[in-house]
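Chain by chain, the residues:
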4 protein chains.
Amino acid sequence: MLAHRTIQAAKLLAIIVSMIALASLVSAQSKPRARDLGIPFDGTPGPLNAITDVQGIEVGYTTLISGSGALKVGEGPVRTGVTAVLPRGKNLFGDPVMAGWYSLNGNGEMSGTTWVEESGFLEGPVMITNTHSVGVVRDAVIQWRVQHGADAPGAVWWGLPVVAETYDGELNDINGFHVKPEHVFHAIDSAAGGAIAEGNVGGGTGMICHGFKGGTGSASRKLDANDSGYTVGVLAQCNYGKQEQLRIAGIPVGRELSPGIERKKDQGSIIVVVATDAPLLPHQLKRLARRVPLGLGRDGSYSGNGSGDIFIAFSTANSGAWEPKGVKQVAMLPNDEMEPLFLATVQCVEEAVINAMIAAETMTGINDFTVRAIPHKQLQEVLQKYNRLVTPK
Amino acid sequence: MLAHRTIQAAKLLAIIVSMIALASLVSAQSKPRARDLGIPFDGTPGPLNAITDVQGIEVGYTTLISGSGALKVGEGPVRTGVTAVLPRGKNLFGDPVMAGWYSLNGNGEMSGTTWVEESGFLEGPVMITNTHSVGVVRDAVIQWRVQHGADAPGAVWWGLPVVAETYDGELNDINGFHVKPEHVFHAIDSAAGGAIAEGNVGGGTGMICHGFKGGTGSASRKLDANDSGYTVGVLAQCNYGKQEQLRIAGIPVGRELSPGIERKKDQGSIIVVVATDAPLLPHQLKRLARRVPLGLGRDGSYSGNGSGDIFIAFSTANSGAWEPKGVKQVAMLPNDEMEPLFLATVQCVEEAVINAMIAAETMTGINDFTVRAIPHKQLQEVLQKYNRLVTPK
Amino acid sequence: MLAHRTIQAAKLLAIIVSMIALASLVSAQSKPRARDLGIPFDGTPGPLNAITDVQGIEVGYTTLISGSGALKVGEGPVRTGVTAVLPRGKNLFGDPVMAGWYSLNGNGEMSGTTWVEESGFLEGPVMITNTHSVGVVRDAVIQWRVQHGADAPGAVWWGLPVVAETYDGELNDINGFHVKPEHVFHAIDSAAGGAIAEGNVGGGTGMICHGFKGGTGSASRKLDANDSGYTVGVLAQCNYGKQEQLRIAGIPVGRELSPGIERKKDQGSIIVVVATDAPLLPHQLKRLARRVPLGLGRDGSYSGNGSGDIFIAFSTANSGAWEPKGVKQVAMLPNDEMEPLFLATVQCVEEAVINAMIAAETMTGINDFTVRAIPHKQLQEVLQKYNRLVTPK
Amino acid sequence: MLAHRTIQAAKLLAIIVSMIALASLVSAQSKPRARDLGIPFDGTPGPLNAITDVQGIEVGYTTLISGSGALKVGEGPVRTGVTAVLPRGKNLFGDPVMAGWYSLNGNGEMSGTTWVEESGFLEGPVMITNTHSVGVVRDAVIQWRVQHGADAPGAVWWGLPVVAETYDGELNDINGFHVKPEHVFHAIDSAAGGAIAEGNVGGGTGMICHGFKGGTGSASRKLDANDSGYTVGVLAQCNYGKQEQLRIAGIPVGRELSPGIERKKDQGSIIVVVATDAPLLPHQLKRLARRVPLGLGRDGSYSGNGSGDIFIAFSTANSGAWEPKGVKQVAMLPNDEMEPLFLATVQCVEEAVINAMIAAETMTGINDFTVRAIPHKQLQEVLQKYNRLVTPK
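For clarity, every value in this text was computed on a predicted model and none was experimentally measured.

J.: Residues and numbers for the overall build of chain A, please.
T.: Helix and strand counts for chain A stand at seven helices and 15 strands. In terms of C-alpha radius of gyration, chain A reaches 20 Å, essentially the compact-globule figure of 21 Å for 393 residues. Its C-alpha atoms put chain A at 60 × 60 × 40 Å along the principal axes. Expressed as a percentage of the 393 residues in chain A, the buried residues total 69%.

J.: Just give me the short version of the interface of chain D and chain B, but keep the residues and values in it.
T.: The interface is formed by 44 residues belonging to chain D together with 44 residues belonging to chain B. Summed over both partners, the interface of chain D with chain B comes to about 3600 Å²; 60% of that surface belongs to carbon and sulfur atoms. In this assembly, chain D and chain B are joined by zero salt bridges. Taken together, the connections running from chain D to chain B amount to 18 residue pairs in polar contact (both at pLDDT 80 or more). Among the secondary structure elements, those contributing two or more residues to the side of chain D that touches chain B are β3 (97–106), α2 (113–119) and α3 (134–147) of chain D.

J.: So, the pairing of strand β12 (residues 307–315) of chain A: which residues are in play, and what are the values?
T.: Residues and elements named next belong to chain A. The element β12 is extensively covered by neighbouring structure, given that nine of its nine residues are classed as buried. Burial along β12 is two-sided: the residues S307, D309, F311, A313 and S315 and G308, I310, I312 and F314 are all buried. Here strand β3 (residues 97–106) runs beside β12; their pairing, made up of eight bridges, is antiparallel. Looking at β12, one finds that A99 is bridged to F314. Note that the unit made of strand β11 (residues 268–276), helix α5 (residues 282–299) and β12 has a crossover that is right-handed.

J.: Lay out the relation of the copies chain D and chain B in plain terms, naming residues and giving numbers.
T.: Each copy of the sequence occupies a distinct position, and chain D is placed on chain B by a rotation of 180° and an axial shift of 0.0 Å, giving an RMSD of 0.0 Å. On the angle and the small slide along the axis, the relation comes out as a two-fold axis. Measuring from the rotation axis to each C-alpha of chain D, the shortest distance belongs to G135(D), at 1.7 Å. The overlap is high: 100% of the interface residues of chain D also sit at the interface in chain B, so the same surface is used on both sides.

J.: Can you lay out the packing of α5(A) against helix α5 (residues 282–299) of chain B for me, pointing to particular residues and giving the numbers?
T.: It is at 7 Å that the axes of α5(A) and α5(B) come closest, and there the two elements cross at 65°. Crossing hand, α5(A) versus α5(B): right-handed. Across the interface between the two elements, P293(A), L294(A), L296(A), G297(A) and R298(A) from α5(A) touch P293(B), L294(B), L296(B), G297(B) and R298(B) from α5(B). When grouped by side-chain class, the residues that make up the contact of α5(A) with α5(B) number six nonpolar, two polar and two charged.

J.: Please give an account of the relation of the copies chain B and chain C that cites residues and values.
T.: Each copy of the chain is related to the other by a rotation around an axis and a translation along that axis. For the pair chain B and chain C, the relating rotation is 180°, the translation along its axis is 0.0 Å, and the fit reaches an RMSD of 0.0 Å. A share of 100% of the interface residues of chain B reappears at the interface of chain C, consistent with the copies meeting face to face through the same patch.

J.: Lay out the side chain of K328(C) in plain terms, naming residues and giving numbers.
T.: Its location among the elements puts K328(C) in strand β13 (residues 328–332). Of the polar contacts made by the side chain of K328(C), one reaches the backbone oxygen of K325(C); its length is 2.7 Å. A polar contact is formed between the side chain of K328(C) and the backbone oxygen of G326(C), at a distance of 2.5 Å. Those residues in contact with K328(C) that lie beyond four places of it in its chain are V330(B), A331(B), M332(B), P334(B), G320(C), A321(C) and E323(C).

J.: Any details on the interface of chain B and chain C? Residues and values, ideally.
T.: In this assembly, 32 residues from chain B lie in contact with 32 residues from chain C. Note on chain B versus chain C: buried area summed over both sides is about 2300 Å², and carbon and sulfur give 52% of it. The interface formed by chain B and chain C holds six salt bridges in total. Residue E118(C) is joined to R287(B) by a salt bridge in which the shortest nitrogen-to-oxygen separation is 2.7 Å. The interface formed by chain B and chain C includes 13 residue pairs in polar contact (both at pLDDT 80 or more). Classifying every residue of the side of chain B that touches chain C by side-chain character gives 15 nonpolar, six polar and 11 charged. As judged from the five bridges shared by strand β13 (residues 328–332) of chain B and β13(C), these two strands associate in the antiparallel manner. Residue K328(B) lies in a different strand from β13(C), and its bridge partner there is M332(C).

J.: Explain the pattern of salt bridges to me, using residue names and the numbers behind them.
T.: Under the defined criterion, the tally for this structure stands at 76 salt bridges over all chains. Between D42(C) and R247(D) there is a salt bridge, with its nearest N and O atoms 3.5 Å apart. Note that D42(C) is positioned in the loop between α1 (2–29) and β1 (58–66) and R247(D) in the loop between β10 (231–238) and β11 (268–276), a pairing that runs across two chains. Across the pair, R247(D) and D42(C) agree in class, each one buried. Between R138(C) and D139(C) there is a salt bridge, and its shortest N-O distance comes to 3.1 Å. Residue classification places R138(C) among the buried residues on the basis of a relative accessible area of 2%. A network of salt bridges, in which partner residues are shared, links D42(A), R298(A), E350(A), R247(B) and R255(B).

J.: Please set out the environment of L257(D) residue by residue, giving values where relevant.
T.: Looking at the secondary structure, you find L257(D) in the loop between β10 and β11. Since its relative accessible area comes to 5%, L257(D) is described here as buried.

J.: Describe in detail the sheet that holds strand β10 (residues 231–238) of chain C, supporting the description with residues and values.
T.: All names here are of chain C. Pairing is mixed in the open sheet, where six strands are placed in the order β4-β3-β12-β11-β10-β9. Edge positions in the sheet fall to β4 (121–122) and β9 (215–222), since each of these pairs with one other strand and no more. Along the sheet, helix α6 (residues 339–359) makes contact with β9, β10 and β11 (268–276), crossing β9 at roughly 145°.

J.: An account of the sheet that holds strand β1 (residues 58–66) of chain B is requested, with residue identities and associated values reported.
T.: Residues and elements named next belong to chain B. Taken together, four strands build an open sheet; the order of strands is β1-β2-β5-β6 and the sheet is mixed. The open sheet has two edge strands with one neighbour each: β1 and β6 (162–166). When strand polarity is set aside, the average angle formed by the axes of neighbouring strands in this sheet is 15°. Of the strand pairs in this sheet, strand β5 (residues 126–130) and β6 are connected by five bridges, and their pairing is parallel. The residue bridging V126 from the neighbouring strand is V162, located in β6. The sheet strands contacting helix α4 (residues 181–189) are β1, β2 (78–86) and β5, and the helix crosses β1 at an angle near 140°.

Calculation notes
Residues numbered from 1 in each chain as written. Chains lettered and ligands numbered in written order. Predicted model: local features only at pLDDT ≥ 70, side-chain atom pairs only at ≥ 80, totals over all residues. Heavy atoms only, no water. Helix = DSSP H or I, 4+ residues; strand = E, 2+ residues; numbered from the N terminus. Rg over C-alpha atoms; globule rule 2.2 N^0.38 Å. Buried < 20%, exposed > 50% of the residue type's maximum accessible area, 1.4 Å probe, protein only. Contact = heavy atoms within 4.5 Å. Buried area = accessible area lost by both parts, 1.4 Å probe. Salt bridge = Lys/Arg side-chain N within 4 Å of Asp/Glu carboxyl O. Polar contact = N/O pair within 3.5 Å; in protein donor to acceptor, adjacent residues only side chain to side chain. Pairing = 2+ DSSP bridges. Right-handed = clockwise from strand over helix to strand, strands pointing away. Least-squares fit on C-alpha atoms with pLDDT ≥ 70 in both. Axes fitted to C-alpha atoms, helices over the stretch in contact; angles between N-to-C directions. Left-handed = near helix turned anticlockwise from the far one by under 90°. Nonpolar A, V, L, I, M, F, W, Y, C, P; charged D, E, K, R; others polar.

Okay, here's the thing in C-alpha cells:
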C-alpha cells in the first residue's frame, strides 16, 4: 500500500512540477505586467518588482488544476494550490525573522499570529492556500520540520505555523480537500528567489478579484539611497472586491469595462505579505502591516464583511536575533526614518493587486463557471480616455 | 477681580460668537464645496452632505483668531479653536451612544478611548482641539457637567471625556495655551444641527493638509432604501499629508498644482469622527473606524510617522441602552448587512478631507507664515486635463 | 482498501468509546473532586460544578492512549486526544453564539479567533487538542459540516473553526500525528450535557501542570438570584506551571509536596473556555476572557514565556442573533451589572485548574517518563497545617 | 494680581514641601512596611524594595490635604495630589525609554498610550493624579517642558504626556479641581531616588482599597545573578477592591478583619507602573504589563466594572535608542530569558498593593467620611491563625 501511494504521489509531483515550470516560463518570458501595459504607478521598483527583491526571500508554489464540469465533492474540479514565502530561503526554522501583523477584516484565517504578536517573531514560512485547507497545510509544515530532522527525537519543541487563506470554492472543489501534505512540501522545497510567477498560481490559483480573474501578485520598491536604500516587497493573494469599485491608476475603470462576475457582496479576501530588509522591530513591522489598507483603498477596496483581509510584515534584518540565549544587539531604524517605508508599502500594495489581475488568465471551474481575465486592451483604452496611460519603459 | 475677568470672558465670547456667525454665514451662503467645483465623488450624500445628516447630531465650534506677526509665547498669534460633536445634541451625558475606535498611527491623542474600548459606549461629546490643549478641554468637559448639575454634589461619578487633537503650532502659538474652559463651554453650548461650517473653524482653524490650508470638513451618505436607508456622516479635522501625494478624484493633482507648503515629512494628523443611525454594536462600530484608512488612501495618505491618525465611530441608535439597571433589548444590524455602511464610510472620508481643503481659506500666522488655500481654478483645470471634472448638480 | 481502513476506524472507535465510558463511569462514581478533599473555594457552584451547568452546552472527548516504552515517531506511545465544547449542543453551525477572546501569553494557537474578534460570534464548537494536531482537527470540523449537509453542494460558505491546543510531547508521540479526522468526529458526536469527565481525558490526556499530572478540569458558579441568577462555567485544559509556584487555597503547597516533575521553565500552556447564559455582547465577553488571569494568579501562574495561555468566552443567550437578514433585537446586560460575572469567572478558573489536577491520574508515556498525580493525602495534610482544610459538604 | 498669585503659590508650595518632608520622614523612620509586620512574600527585593531600586528612576509627590467637614465644591475638603515617576530622573524628555502598556479594565484614563503603543517609547514621565485632574496635569507637563526651554521657540514639536488617575471623590472635593499646574511642577521638580513615601501621598492621597485606606505602594525584586541580575520595580496607586475579597499571603483576611468601608461594587481603580533595567523591547514590555493581573489576582482583585485597571511597563536600558537619526543598536533580552522577569513582576505587584495598604493611615474627608487604615495587629493575628505569619528579617 505504502509503495502504491508513494508512486501516486510521485506522479502527482511530476505533474505539478511540469505545470509550475510551464507557468514560470510563461511568466518570465511573455506575460505583460501592469507597467508593461502602460499603467502608471508611483515609486521605483526593485529589479524584479517582486517580493524576491528583498534579499534572501524565496517563493514557491504548488498549483493544482485538474478536472472540469460538474462538482463532485472529493473529485473535482480542482483549481487550488499552496504558496510558500520563505523569509530566509531554506533556513526555514533556524533563524526566525521579526514580524508584525494586522487584520483589517478578520473574515479569514492566519494561523500562528498569536505567537507572532506575543514573541515578535515569525518562526517559519508564511503559507497561503484555500480556506478549507489551512489545517492540512499547518500540520504539514510541522511535518516538514520533523522530517528534516531539525530537532532530536524527543526534544521539547513545538511549531505554530503561519498559514493564511482565501476562498476558491466558486471555481474549486474546496470541500474535496485536495491539498495534501506533499503539496505543501513541494511548495516549500521548490521555492526560489528571482522572478516569480503571478496570476493563477499557488494559493492564488482559483481567485476572483474585482469581478475578474484574480490570483497572486507582487511588487517592490527600492528606496533612494537618501531615503536609506532599503527595499520593500509585497506578495498578495487577491480574491476580493466588486467590479464597480475597481480603480486603476485612480480611475474607476470597473464601471467602464465590459461586465465580469457580478457580486452582490464583497465576499472574497486578500492576504498581503510585506517584506523588507530595513531593520525594524516587531512593533514597527506592525506599522507596515497597518499601511496595507491605504494601498487597497486606492484600488477600490472597502473591505466587505465577507472579506478576510489579513496582513503580515517581516524584516530580514537582524539575523540571529531570535537565538534563545544571551542579550542580543539588534538594529533598529528610528521611527522618524520609517516614512519612506510606509509610502513604499502603500505603493507596493496598490501595484501588487493590479499585477495579480493583469497576470491572471481566464479560468473555467465548477459547472463550467468561467471567470474572465481583465481585458488588457479595453483597460488601456479606458485609461487613455482619462489621460492616464503612459509609455512603458 | 472676578468681575473683571467675567467681563473679559463676556467680551471674548461676543467676539467668538460674531466670528462664528460670520463664518457660518459665509459657509452657508457662498463658499463652494468640493462637489460645487465639479469634483466627482461616489455615492449619494444626505441633504446637508455633513455629519449632521445623522439625526440628532449637533456640531459646535469655538474659533480663536487674533494677533499677528512674531511669536510671543502666551500672547500669540492665535489660530486655534475647539470643535464639539454632540451625538445626541445637548443631552450630553444622559444617554451615551455605542462606539468603537481605531488608531491608524498613534502619534496623537484621543483621551477616553480606553473606556470606549472597554464599555462599548461614548459617554459625552467628541471634542477636537490643538495638541497642547487636550488637557484643558478634557477637564472643562467634566466642569461643564458639574455646572449643569447632572449629578447631586457628593454623588460618586466620574467622567472620562473623549478629546482628540491635531497640531497647529506652525500657525498658532500652541505653547501659549490659549484655549480656556469658556471656549470649551461655548463650543458645546453653541452646537447645532443643520449645515455646518467647514475649513478654518473650531479645532481645525490652524491646520495644514497636503501642502495647502486644511481644517474641518464633513460629508455624508444616505443609503438606498434597498440597502437599509441608513445614513453615515463623517467629520474630519485634516492636518496631514504632503502636496506631492495629494490625489483628488484619483488624480495625483498635488504634483501639478503650484507649490504650497513643502514638507520633508508627513507631520500633521487627521482625526475622523464617523457617525451613523444604523443599529451597530460596539464591535461593529470599530469595524467602521477601521475602514477610515481605505478612504484616506484614496486622497493620498500614507500615514507618516508624525501623523496622529485616530478615528472614532458611534451610532445614535439604541437610545437608552446605557441605562445601568436591567437587561436591555438593543437592535443589531447583522454583520452580513453592514457592507453598504463600509462603502459609505470610505466614500465619506474621501470627500470630507477634500471638503475641508476646498473650504479652508489662506491663513497667515506666526511670523507671517502663510498657508495658501488650494487654488480652486487651477485644481479644476488639472481635473479637466484628466477628464475627471463633472458638471455640478 | 477503503473497507480495511473503515474496519480499523471502527475498531478504534470501539476502543475509544469503551475508554470514554469507563472514564466517565470512574469520574461520575468514585473520583473525588477538589471540594471532596476539603479544599475551600469561594462562591456557589451549579449542580454539576462544571461548564455543562450552562444550559445547552455539551462536552465530548476522544481519548487516545496506546503503546508504551521507547518513542517511535508515528507509532507511539500515544497519550493525546480531542475535546469538543459545543455551545448549543449538536446545533453546531446553525445558531452561532456571541463570543470574545484574550491571549495572556500567545505561545500557542487558537485558530479562528480573527473572525471571533471581527464578527463577535463563535460559529461552531471550541475544539482543544495537542499542539501539532490543530490542523487536522480544524479541517475535520469543516469536513463534519460538509458531511452533515448543512449546506447545498456548491453553496458559497466557508468555515473558520476555533481549535486550541496545549503541548503533550513529553508523554505523547506528538510528531506521529495520531489524531485523525474520525477522532474529531467522535468527540463532536459523543458530546453530551451532564457531568463531565476530568483529568486525563480528551485534549487534556497528556498534560502536566505545576509539576504533577494535569489535564482537563471544570467548575461553575450559579449566581444568587439577587445577582441575576446567571451561571458561569469554565473548562480548562491545564498544562502549565512549576511545582514551586503552585498555590492551592492561597497556600504555596507546591514547596511542601514531595517532588513531582521539575521544570526549569514554565513551558506548558493553558486553554480556558468560559461560558455563560448571561446576555453579554461580544465586547463584554472579552471582558470575561480578560478576567481569567486573575484566577490563574491565585493558583500560582506567572505565565511563562513557553506557555500558550489563551482564553475564549461565549454566551448562550441571544439565540438567533447571528441570522444574517434583518435587524435583530438582542439582550444586553448593562456593564454595571457584570460584576458578579467577573467574580464568578475568577472563582471558576481558580477551581477548574485544581479540579483538573485532582482528577488526573499518574501517567507513564514516552520512554517510561512518568508524571505523578498530585498526592491527595499529602495535599490535605499541608492544607491542614495552614488551617485551610474544610469539611466537604 | 500676578504678584499676589505668586505669593499664594509660594505659600502653598511651602506647605506642600513641609508636608512631604514630614511624610518622608515618617515613612523612612518609623512606619512599618508589610514585611516588617511578618507578612510573607516570595522573591528577593532590592535594597529599597521600591521602584527606585531600578537605577535612575526618581519619584516625586505633591500631596494636597486641607479643609474638613461639609463639601463645598471648589473649596474642599481637599485630599488629593500628584505623583511623578521619572524614568531617567530629570532628563525628562531627552532620552525616552521603551515602553508597553495594558488595560485590564479600562474604566479609567491613561493619556498618551496611543503613542506609547505606536512608537514603543514613553517620552516623558508617568504622572498619576485624581480622575478629574488628568487634563490639568497633562497640559502642565507640556508647560514644564516649554518653561525648561528644551526646544527653540517656534520649533515644531508636540507632547503627548502619559497621565493616569484613580478616583478620590469620596474623600476629596474632586469637582473643585484643586490640582493646579504648580503642583505638577512640584511633583516633577521634587522627584528623587532613594526610599520613597507610601500610603497617603501624591496621587494616592485619597484612595480606598479593599475596604481600608489605600494609596501609593511600591516593591521591587532583584533577580539572582544566575537569572541575569536584573531589577524589577513596581509603583501602584491602589484604589480598588472589596474588603470581603482581600487576600494577604493567600489568606482571605478581609472576611476576618473588623469591617471597614463596605462597597456594593468594586468601584475604584488601580494604576501600576512596572520598571526594569532589563533590556526589553516594546512588545516585551507589554508582556510585563500583561502579567500585572496575575499579581492582583493574588490580592483578591476581580477587576470590577467600575475599576480603571491600567498598567504601563518601561525599561531604562537602551539609553539613546530614541534618538531620531540613524540606525541604532539596541539590546534585547531573548523571550526565552524573560521568565524570571515575569515572576518578579507578579511578586512585586502582589507586594506593592499590600505595602500601600499597610502604609496608609486613617483619613477623614468630605462630610467627615472616614476610611480606616487596615488594622495591623488584627491582621497579624489572622495570619497567625493560618500559620502564615513569619518573623521579619
